[in-house]
Amino acid sequence: KPTPTPTPGKQEQMVNPSADETANWKTFTYSSNVFAFKYPDNITPHELNSQYTDVSVSFKHPTSADGCELCDGYLLSFKQGNLNQQSLRQIAEKALKEKGGYGTITKPLESISIGNFSGFTFSYTVQVGSTIIYLSDGKGNFIEITKSIDDPQNRGYEKIVNNILSTFRFEP
C-alpha cells in the first residue's frame, strides 16, 4: 500500500482510520446493554456501578510511582444518566459549573461528535487535567465520559484513549 507524500508547503492532515487500529481489540458491553466500546488487550474494563462511575478503564505504566493514582497512564470512566426533561446542554452546563467550583476550567463548553453521536465537552484541572464528554442516545438518556491522561514520557496515551472513544456506541 503506497504511503501518501505531502506536497511541500501544503498542510495536509493524515488521518489513520482508527477502525484498522482497533480491529483486533475486544468489545466491552455494559451489563445493562446501554453502551459498548472496544479496548486493547492490556487493559480490562471494570463495572463499578457506583454513584460516580458505572464503568472504568484505566492503565498505569508499570514504572510509575507507587501510591500515585494517575501517574504515567490514563483513566476513562463512563456514567449513564437520564435527561429527565433537561437538554444535554443543560446537563453539561451544570457539570461545568460544579467542576469549576473546585477546579480550574481549561477549555470551555463546546460541541463534540464521536462517531454518530453529538454532544458537549469541556476540560478542567484539579490535580490532573480531565476532559468531560456528554453524549445523548436520542432517547432521553446520556453518557458522561471522563477522560484523564498523564503522559510525561509521550507514550501515546491520548491516541489510545481517542481510539477507544472512536469505538463507543449506544446499544439499540
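Just above, that's the structure.
In short, a report on the structure. (Residues numbered from 1 in each chain as written. Predicted model: local features only at pLDDT ≥ 70, side-chain atom pairs only at ≥ 80, totals over all residues. Heavy atoms only, no water.)

## With respect to the overall build of the protein chain
Then, number 1: Scanning the protein chain from terminus to terminus reveals three helices and 10 strands.
Then, number 2: Listing each helix as α and each strand as β along the protein chain from the N terminus yields α-β-β-β-β-β-α-β-β-β-β-α-β.
Then, number 3: Relative to its 172 residues, the protein chain shows a buried fraction of 42%.
Then, number 4: When contacts within the protein chain are restricted to residue pairs at least 6 apart in sequence, those whose partners lie at least 24 apart make up 45%.
Then, number 5: Split by element, the accessible area of the protein chain, about 10300 Å² in all, is 47% carbon and sulfur. (Helix = DSSP H or I, 4+ residues; strand = E, 2+ residues; numbered from the N terminus. Buried < 20%, exposed > 50% of the residue type's maximum accessible area, 1.4 Å probe, protein only. Contact = heavy atoms within 4.5 Å. Areas by Shrake-Rupley, 256 points an atom, 1.4 Å probe, with all protein chains shown as cover.)

## A closer look at the pattern of salt bridges
Then, number 1: What the rule picks out here adds up to seven salt bridges.
Then, number 2: For Lys-159, the salt bridge identified is with Glu-21, shortest N-O distance 3.7 Å. Of this pair, Lys-159 sits in helix H3 (residues 157-166) while Glu-21 sits in helix H1 (residues 18-21), and the two are 138 residues apart along the sequence.
Then, number 3: With relative accessibility at 30%, the residue Glu-21 sits in the partly exposed group.
Then, number 4: Taking the shortest distance from any N to any O, the salt bridge between Glu-158 and Lys-147 comes out at 2.9 Å. Linking Glu-158 in helix H3 with Lys-147 in strand E9 (residues 141-150), this pair joins segments that are 11 residues apart in sequence. (Salt bridge = Lys/Arg side-chain N within 4 Å of Asp/Glu carboxyl O.)

## Things to note about the packing of aromatic side chains
Then, number 1: One pass over the structure, following the stated rule, counts 15 aromatic pairs.
Then, number 2: Relative to Phe-142, the ring of Tyr-134 lies with its centre 6.0 Å away and its plane at 50°, an arrangement referred to as tilted.
Then, number 3: Tyr-134 sits in the buried class, given a relative accessible area of 2%. (Phe/Tyr/Trp six-rings, centres within 6.5 Å; stacked < 30°, edge-to-face > 60°.)

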